[in-house]
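# Overview (structure and organization)
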Amino acid sequence: MSATDVTVRTARERAGVPDGQPLLSVQDLKLHYPIRSGIISRQTGAVRAVDGVSFDVFPGETLGIVGESGCGKSTTGRAIIRLENPTAGAVVFGGRDLAGLNTRELRRARLDLQMVFQDPYSSLNPQKRIGDLLAEPLVAHGRASRKDARERVTEMLERVGLSAQFKGRYPHELSGGQRQRVGIARALMLDPTLLVLDEPVSALDVSIQAQVLNLLRDLQAELGLTYVFISHGLGAVRYISDRIVVMYLGKVMEVATTAELFAGPRHPYTEILLDAYPAPNPHLRATQGGRERIVVEGDVPNAAAPPSGCVFHTRCPFAQDKCRTEEPRLTTDAQTGGQGGEHAFACHFPLEVGRPASSGTPSSGPTAAGESA
Ligand code: SF4
């Protein structure tokens, strides 16, 4: 049995989720911010930060969410743990829709569902010592006496690679990497089953990023954790994720295993993201088929007035008339008669599977999702 199998089994047992069932299921999630104007503050529109996002996260896996700044990935993460109230849709965690829980039930469910933020400094009270910051959640939720909490703090600091000496220090005395380790430790103090990691390494130097990513991997294997890993950095997402969701303008463009996505994206937007990704190995692009670059023009449209049809059509070099009027739904190769299994994409004219080097063209004819859907 591989280490991954053990992690999955441990995570499933801890979460009490039946075999094959997701730990977290995000269903048609929407989060629209009203735009108000006039003396009576009448709603005149809405910013569609998240607009119909769906995905599952299975016990023990890491689901990466990637996209440009403003694509809605962080808002999705905040809506999952209920830091933001969704406008519509469901977040089902451990078989229960969080929207249906009363305040007390939601408070309890949240203990199992913790978040790690990009900037740990802003999430740590600068006036408190690290020991107190870590003990706080345990004591506040009645999970441990002060004495037991202090012991647990020592244990947790060691687990995240810091010594017990850090208990007496203040956040400003720590480096960025040490603060992020404290942020992770704090999220783990209540023994959650799922962590939403919102750009957890984006503010760190590259060498420190690798250390924190390795720590997250080790903790996942040791504790049977499940991660939602949000980042605009494809390198970090690729390194840590089992599957990846690509978002653009509040919507899901593509969902695939990490290997499938990097070997052959089906959505033009994903292809553009991959082109912008500086491959760590200079030979990587060649081994991936030496694709020609797809040129994208223009800025990301305003989420208060998203384009009709496919939201990417204003920048997509392959856009056709159908793309301007009809929104493509997320569909899989399997549903369209292809060989790509559960690799899902929202495009009327997806890129070819395993297309030859430098093709850079969408598929056409009967295999195009839009034609057979
Ligand atoms: Fe481009 Fe059309 Fe596909 Fe949208 S649906 S990504 S516009 S080809």
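Higher on the page you've got the structure.
Residues numbered from 1 in each chain as written. Predicted model: local features only at pLDDT ≥ 70, side-chain atom pairs only at ≥ 80, totals over all residues. Heavy atoms only, no water.

### Structural notes on the overall build of the protein chain
Secondary structure summary: the protein chain contains 14 helices and 12 strands in total. Looking at the protein chain as a whole, 49% of its 373 residues qualify as buried. Considering only residue pairs separated by 6 or more positions, the protein chain has 63% of its internal contacts joining residues 24 or more positions apart. (Helix = DSSP H or I, 4+ residues; strand = E, 2+ residues; numbered from the N terminus. Buried < 20%, exposed > 50% of the residue type's maximum accessible area, 1.4 Å probe, protein only. Contact = heavy atoms within 4.5 Å.)

### Details of the pattern of salt bridges
Oppositely charged side chains can form a pair if their charged atoms are brought close together. Under the criterion given, the structure shown has 12 salt bridges. Glu 84 is paired through a salt bridge with Arg 78; the nearest N and O atoms lie 3.3 Å apart. The salt bridge partner of Asp 321 is Arg 324, with a shortest N-O separation of 3.1 Å. Of this pair, Asp 321 and Arg 324 both sit in helix H13 (residues 321-325), three residues apart, which is roughly one turn of the helix. Judged by its relative accessible area of 62%, Asp 321 falls in the exposed class. Residue Arg 324 is classed as partly exposed on the basis of its relative accessible area of 36%. The network of salt bridges with shared partners includes Arg 48, Asp 51, Lys 251 and Glu 327. (Salt bridge = Lys/Arg side-chain N within 4 Å of Asp/Glu carboxyl O.)

### Points about the nonpolar core
Within the largest apolar cluster, 64 residues are counted, with the highest numbers of intra-cluster contacts made by Leu 134, Ile 184, Leu 188, Leu 216, Leu 219, Phe 229 and Val 246. Counting the residues that make up this core, at least three belong to each of domain 1 (1-112 + 192-373) and domain 2 (125-191). With residues near it in sequence (within four places) discarded, Leu 219 still touches Arg 159, Val 160, Ile 184, Leu 188, Gly 224, Leu 225 and Tyr 227. Judged by nonpolar contacts, the second largest core, of 33 residues, contains Val 26, Leu 29, Phe 55 and Val 196. (Core = buried A, V, L, I, M, F, W, Y, C linked by side-chain atoms within 4.5 Å. Domains from an automatic or database assignment.)

### Remarks on the pairing of strand S2 (residues 42-57)
As paired strands, strand S1 (residues 24-37) and S2 are joined by 12 bridges and run antiparallel to one another. Its bridge partner lying in S2, His 32 is registered against Arg 48. Linking two consecutive strands that pair antiparallel, namely S1 and S2, is a turn of four residues; a positive phi of about 85 degrees is found at Gly 38 within it. (Pairing = 2+ DSSP bridges.)

### Concerning the site of the ligand
Taken together, His 267, Pro 268, Cys 310, Phe 312, His 313, Cys 316, Phe 318, Ala 319, Cys 323, Pro 328, Cys 347 and His 348 are the residues near the ligand. When its residues are assigned to classes, the shell around the ligand shows nine nonpolar, three polar and no charged. (Near = heavy atom within 4 Å. Nonpolar A, V, L, I, M, F, W, Y, C, P; charged D, E, K, R; others polar.)

### Notes on a positive patch on the surface
Side chains of Arg 96, Arg 104, Arg 108 and Arg 143 sit close together on the surface and give a patch of like positive charge. Residue position: Arg 108 is located in helix H3 (residues 103-111). (Patch = residues over 30% accessible without salt bridge, like charges linked within 9 Å, V, L, I, M, F, W, Y side chains within 5 Å. Areas by Shrake-Rupley, 256 points an atom, 1.4 Å probe, with all protein chains shown as cover. Lys, Arg positive; Asp, Glu negative; His and termini not counted. Charge placed at Lys NZ, Arg CZ, Asp CG, Glu CD.)

### A look at the pairing of strand S3 (residues 62-66)
Counted residue by residue, S3 has five buried out of five residues, so it is predominantly covered. By the alternation rule, side chains of S3 split into Thr 62, Gly 64 and Val 66 and Leu 63 and Ile 65, which are all buried. Here four bridges tie S3 to strand S9 (residues 243-248), and the two strands are oriented parallel to one another. By the bridge assignment for S9, Gly 64 is matched with Ile 244.

### Focus on the packing of helix H5 (residues 130-140) against helix H6 (residues 146-159)
Here H5 crosses H6 at 120 degrees, and the two axes come no closer than 9 Å. Between H5 and H6, the interaxial angle falls into the category oblique. Along this stretch, H5 crosses H6, giving a crossing that reads as right-handed. Across the interface between the two elements, Ile 130, Gly 131, Leu 134, Ala 135, Leu 138 and Val 139 of H5 pack against Arg 146, Ala 149, Arg 152, Val 153 and Leu 157 of H6. The residue makeup of the contact of H5 with H6, split by class, is eight nonpolar, one polar and two charged. (Axes fitted to C-alpha atoms, helices over the stretch in contact; angles between N-to-C directions. Parallel < 35°, antiparallel > 145°, perpendicular 65-115°, else oblique. Left-handed = near helix turned anticlockwise from the far one by under 90°.)

### A short note on the sheet that holds strand S7 (residues 194-198)
If you walk across this open sheet you meet the eight strands as S6-S7-S8-S3-S9-S10-S12-S11, and the pairing is mixed. Looking at which strands have only one partner, the edges of the open sheet turn out to be strand S6 (113-116) and strand S11 (331-332). Two strands pair when backbone bridges link them, and S11 and strand S12 (residues 344-345) are joined in this way by two bridges, in the antiparallel orientation. Along S12, the bridge assignment pairs Thr 332 with Ala 344. Across the sheet, helix H8 (residues 206-223) touches S3, S7 and strand S8 (226-231), and the angle it forms with S8 is around 160 degrees.

### Focus on the packing of aromatic side chains
Under the criterion given, the structure shown has three aromatic pairs. Ring centres of Tyr 248 and Tyr 269 lie 4.7 Å apart, and the angle between their planes is 55 degrees; on these two criteria the pair is classed as tilted. Taken as a pair, Tyr 248 in strand S9 and Tyr 269 in helix H11 (residues 268-276) lie far apart in primary sequence, 21 residues in all. Under the relative-accessibility criterion, Tyr 248 is labelled buried at 1%. For Tyr 269, a relative accessible area of 2% corresponds to the buried category. Judged by centre distance (5.0 Å) and plane angle (80 degrees), the ring pair of Tyr 248 and Phe 312 falls under edge-to-face. Of this pair, Tyr 248 sits in strand S9 while Phe 312 is found in the loop between helix H12 (284-287) and H13, placing the two residues 64 residues apart along the sequence. Of the two residues, Tyr 248 and Phe 312, both sit in the buried class. Grouped by ring-pair contacts, the aromatic residues Tyr 248, Tyr 269 and Phe 312 constitute a single cluster. Positioned above the aromatic ring of Tyr 239 is the side chain of Arg 217, whose terminal nitrogen or guanidinium carbon lies 4.2 Å from the ring centre. Across from the ring centre of Phe 262, 4.2 Å away, lies the NZ or CZ of Arg 238, which sits over that ring. (Phe/Tyr/Trp six-rings, centres within 6.5 Å; stacked < 30°, edge-to-face > 60°. Lys NZ or Arg CZ within 6 Å of the ring centre and 35° of its normal.)

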